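# Observations on the three-dimensional arrangement
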Amino acid sequence: MKILQVIPSLNPELGGPTQVAICLTKALQSAGATVEIVTTDDCGNERLKVPLNRKIEYEGVPVWFLPRFSPPLKEFIFSPAITQWFVNNIRNYDISDNHYLFSYAPSCAAAIARFYNIPYTVRTMGQLSPWALAQSRKKKQIYMRLIEGRNLEKAAAIHCTSSGEEQDVRNFGLMNPTITLPLGVPVPPRFPEASDKVRDRYQLPRDVPLLLFLSRLHYKKRPDLLLEALSSLPKEQKFHLIFAGTGEADYVEELQALVEALDLKSCVSFIGFASGEEKDILLQGCDVFILPSYADNFAIAVAEAMAAGLPVIITQGIQIAPDIVQAEAGIVVEGEVEALKRAIAQLLTSPTQRAKMGDNGRNWARGRYSWEANATQLIPIYERIIQKKL
């Protein structure tokens, strides 16, 4: 079986989606499948410095990089070159696994796969949630009517990462088979002195709890709500918040101005994008992970925090919220200042509860969020799709 993963970009700063494509490919390969990724050289306003128009080894997996059209057109990432690549190559694969909606590469892959009678699946990545569909509503309605609706209706199956995401698919009116599996997270190496390393690296005080926001700095993730909640804590409550992520320059400047306006400058640090060992040390060295998103289908950073033993505070719009509740791995709150403030205050003042929730989260993530288990379950499903038995 030869599987093609289609994703618009492998920009490392996109975080979760890039990790999903790479980690899933590695796991499927380990389970015996032949898997390749096709994508563009998109890297936000820049381009990835990689060889183009040929298969290369990238982050340990085989990837075809094709040049994007310039300018990048934001998330759409138009690429005439990838169109020709699909025409020339898609028949070499038994199935195509398409990541994202409303983006050129997966939309084009679906249309060309249908033309050549190659089955494909679609990963909606939370883009059928009510909140996501409300963003740029008119554009999405037009795109859905002209292109994406048929791509979805003709998909052999739709990948979901939670029961909430599956419900979004059904609420949208789609009756395709669904494949509902949580994403995986790698088990990180242990760093026993992580707390000291974080404080030394970023010159942070030793005597205050560290809060971590590790995600894109984007209004969808609601870092502004987090700042407002922190500003409403009692003045005697000590903490330091680390923002680990990047975003559009204008939005980052807005957040920095909000930090100033709320008189939080002495207890907030912006450290930029973190990956690899730096990210592992942050996850193990901080005391609480917080992500108050409007909506996220899985939020792989939350699962990574759990795997690292970090208690989490998230909002109900993150669709693995039921897992957090069942595992007793953190606190799930409504997306408003007072509820978020109460949850933060509760964990800041209870090291014992933080430790218990961290242990619960680590055990849950390592038992449930496994790429190996994901791949083992996917391969027979792909085989049934190829044999037209699903």
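Just above, that's the structure.
Scope of this entry: the structure provided in the associated data block. All chains use their own residue numbering, which begins from 1 and follows the written sequence. Restriction of local features to residues with pLDDT of at least 70 applies here, the model being predicted, together with a cutoff of 80 or more for giving and counting side-chain atom pairs; totals for whole chains, interfaces and linings are based on all residues. Working from all heavy atoms in the structure, the side-chain values ignore hydrogens and water.

### A word on the sheet that holds strand 1 (residues 2-6)
Stated precisely, the cut-off is as follows: Pairing between two strands is assigned when DSSP locates at least 2 bridges connecting them. Helix and strand assignments follow DSSP, with helices taken as H or I runs no shorter than four residues and strands as E runs no shorter than two, numbered in order from the N terminus. Think of each axis as a best-fit line through the C-alpha atoms, taken over the contacting stretch in the case of a helix, with angles from 0 to 180 degrees between the N-to-C directions. It only takes one pair of heavy atoms within 4.5 Å for two residues to be counted as in contact.
Taken together, eight strands build an open sheet; the order of strands is 5-6-2-1-7-8-9-10 and the sheet is mixed. Strands at the two margins of the open sheet, each flanked by one partner only, are strand 5 (55-58) and strand 10 (178-180). Averaged over all pairs of adjacent strands, the angle between strand axes in this sheet comes to 30°, irrespective of strand direction. Where strand 7 (residues 95-99) lies against strand 8 (residues 120-123), four bridges are found, and the strand directions are parallel. For Asn-98, the partnering residue across the bridge sits in strand 8 and is Val-122. Sheet strands in contact with helix 3 (residues 104-115) are strand 1, strand 7 and strand 8, and its direction is about 155° off that of strand 7.

### Details of empty space enclosed by the protein
Using the following cut-off: Lining residues are those with an atom within 4 Å of a point, where the points come from a 1 Å grid over the protein atoms alone and group into cavities, where a 1.4 Å probe fits but cannot get out, or pockets, open sets with protein on both sides within 12 Å along at least five of seven lines. Grid points are joined across faces, edges and corners, and a volume is the space filled by probe spheres set on the points. Classification convention: Asp, Glu, Lys, Arg as charged; Ala, Val, Leu, Ile, Met, Phe, Trp, Tyr, Cys, Pro as nonpolar; all other residues, Gly among them, as polar.
Taken as a whole, this structure holds three cavities of 30 Å³ or more when the rule is applied. Val-20, Arg-123, Thr-124, Met-125, His-159, Cys-160, Thr-161, Glu-165, Leu-183 and Asn-297 together form the lining of the largest cavity. Of the residues that constitute the lining of the largest cavity, the class distribution is four nonpolar, four polar and two charged.

### A closer look at the pattern of salt bridges
Note the cut-off: Whenever Lys or Arg places a side-chain nitrogen within 4 Å of a carboxyl oxygen from Asp or Glu, that contact is recorded as a salt bridge. Each residue is placed in one exposure class: buried if its accessible area under a 1.4 Å probe, protein chains only, is under 20% of its type's maximum, exposed if it is over 50%, and partly exposed if it falls in between.
Taken as a whole, this structure holds 15 salt bridges when the rule is applied. Among the ionic pairs, Glu-36 bridges to Lys-55, the shortest N-O distance being 2.9 Å. Here Glu-36 is found in strand 2 (residues 34-40), whereas its partner Lys-55 is found in strand 5, with 19 residues between them in sequence. With relative accessibility at 42%, the residue Lys-55 sits in the partly exposed group.

### Considering unusual backbone geometry
Note: most peptide bonds trans; most residues except glycine with negative phi. Positive phi, close to 65°, is recorded for Asn-53, a residue that is not glycine. Tracing the backbone through its elements, the reader meets Asn-53 in the loop between strand 4 (46-47) and strand 5.

### Re the nonpolar core
Heads up, the condition is: Residues enter a nonpolar core if they are buried and are Ala, Val, Leu, Ile, Met, Phe, Trp, Tyr or Cys, with the set joined through side-chain atoms within 4.5 Å.
Leu-28, Leu-212, Phe-289, Val-302 and Ile-344 are the most contacted members of the largest nonpolar core, which has 92 residues in total. Not counting chain neighbours up to four residues away, the residues in contact with Leu-28 comprise Ile-3, Gln-5, Ala-33, Val-35, Ala-375, Leu-378, Ile-379 and Tyr-382. Counting residues in hydrophobic clusters, the runner-up holds 32 residues, among them Cys-108, Val-122, Leu-133 and Met-144.

### As for the packing of aromatic side chains
Put simply, the test is: Two aromatic rings, drawn from Phe, Tyr or Trp (for Trp, its six-membered ring), form a pair once their centres lie within 6.5 Å of each other, and the interplanar angle then sorts them: stacked below 30 degrees, edge-to-face above 60, tilted otherwise.
Scanning the model with the defined rule gives 15 aromatic pairs in all. Between Phe-78 and Tyr-104 the ring centres are 4.7 Å apart and the planes differ by 80°, which places this aromatic pair in the edge-to-face class. In this pair, Phe-78 sits in the loop between strand 6 (61-66) and helix 2 (80-89) while Tyr-104 sits in helix 3, placing the two residues 26 residues apart along the sequence. With relative accessibility at 26%, the residue Phe-78 sits in the partly exposed group. Measuring from centroid to centroid gives 5.9 Å for Trp-131 and Tyr-219, while their planes differ by 50°, and the two rings are tilted.

### A closer look at the packing of helix 8 (residues 223-231) against helix 13 (residues 337-348)
This is how it is decided: For any helix crossing, the convention is left-handed if the near helix is rotated counterclockwise from the far helix by under a right angle, and right-handed if that rotation is clockwise.
Where helix 8 contacts helix 13, the axes come no closer than 8 Å and their chain directions differ by 65°. Taken as a pair, helix 8 and helix 13 cross one another with a handedness that is right-handed. Of the residues in helix 13, those in contact with Leu-225, Leu-226, Glu-228, Ala-229 and Leu-230 of helix 8 are Val-337, Leu-340, Lys-341 and Ile-344. The residue inventory of the contact of helix 8 with helix 13, partitioned by class, reads seven nonpolar, no polar and two charged.

### Here's the deal with the layout of surface pockets
A volume near 310 Å³ is recorded for the second largest pocket. Gln-284, Cys-286, Asp-287, Gly-309 and Leu-310 are the residues nearest the centre of the second largest pocket, which is lined by 21 residues in total. If you tally residues by element for the lining of the second largest pocket, the top one is helix 14 (residues 351-368), at six residues.

### Quick look at the packing of helix 8 against helix 9 (residues 249-261)
Angle between the axes and distance between the axes are the two parameters that describe a pair of packed helices. Rules: Each angle gets one of four labels, with under 35 degrees taken as roughly parallel, over 145 as roughly antiparallel, 65 to 115 as roughly perpendicular, and the rest as oblique.
Between helix 8 and helix 9, whose axes approach to 10 Å, the crossing angle comes to 5°. Comparing the axis directions of helix 8 and helix 9 gives the class roughly parallel. Packed against helix 8, whose contacting residues are Pro-223, Asp-224 and Leu-227, the element helix 9 presents Tyr-251, Leu-255, Leu-258 and Val-259 at the interface.

### Observations regarding the environment of Glu-36
Let me state the cut-off plainly: N or O atoms closer than or at 3.5 Å make up a polar contact, with two conditions inside protein: a donor-capable atom paired with an acceptor-capable one, and, for residues adjacent in sequence, both atoms drawn from side chains.
According to the relative accessible area criterion, Glu-36 is buried, its value standing at 5%. Separated by 21 residues in the primary sequence, Glu-36 and Glu-57 have C-alpha atoms spaced 9.9 Å apart. A distance of 2.9 Å separates a polar atom in the side chain of Glu-36 from a polar atom in the side chain of Lys-55. There is a polar contact of 2.5 Å between the side chain of Glu-36 and the side chain of Tyr-93.

Honestly, that's just the spatial picture; any functional story needs more than this.
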